[in-house]
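For reference, the chains in residue letters:
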Amino acid sequence: MEREKKMSVFVLFALTVIPLIFTPGPDMLFILSQVIGKDAKAGMLATIGICLGYLVHSVLMALGIAALIVSFPVLFESIRWLGIAYLLFLAASLIKSVFSDNKFIIERKSSSNPIKKGFFTALLNPKGMLIYFAILPQFIDKAGNMVNQGLILSLIFIGLIFVVYGSLSVIFAKVTQKTHID
């Protein structure tokens, strides 16, 4: 009986976060920009970076640091504004590359690492923080092992992100007719 209850909580959590994952936001826009600017492979690399960024959120949540951040509104707001500033920087870089005469050179620079940018996009994403700080804790049974439950819920979230954003990378590439040929 207890196992079925836990499984239903995990399914309910998945059903709760799937619409949030599909809601366009910084992560999805970053993946779209990578696919349009490069190819499906760049979108998949960005997806890996995003998953790694959320893995950091998972560790912070498991260590209780997420609760600490939420309990200090100034700290939470500072992190949120840092995330907004980073997303604006990414948007400005994308706009600059679109209007640049040297677009090909800018896109292929070695410093343009989709994994690294995806990592910071997820790490500083206000929507991601909301999921980890406000939604995920609602699905944790305080009577059980809270760390294990939080990590399982985090892995469900990250797994769903990988499937959804990886699929969108391939779909965006097909729609824009950009595929990577080795």
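Here the residue index of a chain counts from 1 through its sequence in written order. Side-chain atom pairs in this predicted model are given and counted only at pLDDT of 80 or more, local residue features only at pLDDT of at least 70, and totals for whole chains, interfaces and linings cover all residues. Side-chain calculation: all heavy atoms of the structure are included, whereas hydrogens and water are not.

A run of H or I in DSSP counts as a helix once it spans at least four residues, and a run of E counts as a strand once it spans at least two, with each numbered from the N terminus. Looking only at helices and strands, the protein chain features nine helices and zero strands. Listing each helix as α and each strand as β along the protein chain from the N terminus yields α-α-α-α-α-α-α-α-α. Accessible area is worked out with a 1.4 Å probe on protein chains only. A residue is then buried under 20% of its type maximum, exposed over 50%, and partly exposed in between. Among the 182 residues that make up the protein chain, the fraction classed as buried is 38%. Contacts: residue pairs with any heavy atoms within 4.5 Å of one another. Taking the intrachain contacts of the protein chain between residues at least 6 apart in sequence as the baseline, contacts between residues at least 24 apart amount to 82%. Using the Shrake-Rupley algorithm and a 1.4 Å probe, accessible areas are obtained, with residue cover drawn only from the displayed protein chains. For the protein chain, the accessible area works out to roughly 10,400 Å², and carbon and sulfur atoms hold 74% of it.

Turning next to the confidence of the model for the protein chain. The pLDDT value expresses, per residue, how confident the predictor is, ranging between 0 and 100. Per-residue pLDDT for the protein chain averages 81, and the proportion of residues at 70 or more is 77%. Least confident of the elements in the protein chain is helix 6 (residues 103–107), whose mean pLDDT is 44; most confident is helix 9 (residues 146–176), at 93. Note on residues 103–111: pLDDT is under 50 here. Beyond four places in sequence and across chains, it has eight contacts.

Okay, the nonpolar core next. In this structure, Ile 50, Tyr 54, Tyr 132, Phe 157, Ile 161 and Tyr 165 are the most contacted members of the largest nonpolar core, which totals 32 residues. For this core, the secondary-structure elements that each account for two or more residues are helix 1 (2–22), helix 2 (26–37), helix 3 (40–62), helix 8 (126–135) and helix 9. Ranked by the residues each element gives to this core, the list is headed by helix 9, at nine residues. In contact with Tyr 165, other than residues within four places in its own chain, are Ile 21, Asp 27, Met 28, Ile 31, Thr 47 and Ile 50. Here, nonpolar core refers to any group of buried Ala, Val, Leu, Ile, Met, Phe, Trp, Tyr and Cys residues whose side-chain atoms link them within 4.5 Å.

Turning to empty space enclosed by the protein, a few remarks are in order. Buried and open spaces are told apart on a 1 Å grid over the protein atoms alone, a cavity being a set of points where a 1.4 Å probe fits but cannot get out and a pocket being an open set with protein on both sides within 12 Å along at least five of seven lines. Residues with an atom within 4 Å of a point are the lining residues. Grid points are joined across faces, edges and corners, and a volume is the space filled by probe spheres set on the points. Summed over all chains, the structure comprises one cavity of 30 Å³ or more. The volume enclosed by the largest cavity comes to roughly 30 Å³. As for the largest cavity, its lining consists of Leu 20, Ile 21, Asp 27, Tyr 54, Asn 125, Lys 127, Gly 128, Ile 131, Phe 157, Ile 161 and Tyr 165. Breaking the lining of the largest cavity down by element, the ones donating at least two residues are helix 1, helix 8 and helix 9. Class assignment for the residues of the lining of the largest cavity results in seven nonpolar, two polar and two charged. Note that Gly is not counted as nonpolar here; it falls among the polar residues with everything else outside the nonpolar set of Ala, Val, Leu, Ile, Met, Phe, Trp, Tyr, Cys and Pro and the charged set of Asp, Glu, Lys and Arg.

Okay, the packing of helix 2 against helix 7 (residues 114–123) next. Geometry is summarised by axes, namely lines fitted to C-alpha atoms with helices restricted to the contacting stretch, and by angles between N-to-C directions that run from 0 to 180 degrees. Running from N to C, helix 2 and helix 7 point in directions that differ by 165°, and their axes come no closer than 9 Å. Between helix 2 and helix 7, the angle falls in the class roughly antiparallel. Crossing geometry of helix 2 relative to helix 7 is assigned as right-handed. Contacts from Pro 26, Asp 27, Phe 30 and Gln 34 in helix 2 reach Pro 114, Lys 117, Gly 118, Thr 121 and Ala 122 in helix 7. We call two directions roughly parallel when the angle between them is under 35 degrees, roughly antiparallel when it is over 145, roughly perpendicular when it lies between 65 and 115, and oblique otherwise. Crossing chirality is assigned from the near helix's rotation relative to the far helix, an anticlockwise turn below a right angle marking it left-handed and a clockwise turn marking it right-handed.

Turning next to the packing of aromatic side chains. Any pair of Phe, Tyr and Trp rings, taking the six-membered ring for Trp, is counted once the centres come within 6.5 Å. Such a pair is stacked with planes under 30 degrees apart, edge-to-face with planes over 60 apart, and tilted for the rest. Counted under the stated rule, the structure contains five aromatic pairs. With a centroid separation of 5.6 Å and an interplanar angle of 80°, the aromatic rings of Tyr 132 and Phe 157 are classed as edge-to-face. Of the two residues, Tyr 132 sits in helix 8 while Phe 157 sits in helix 9, which places them 25 residues apart along the sequence. The pair Tyr 132 / Phe 157 is uniform in exposure class, with both members buried. What links up through ring pairs into an aromatic cluster is the set Tyr 54, Tyr 132 and Phe 157.

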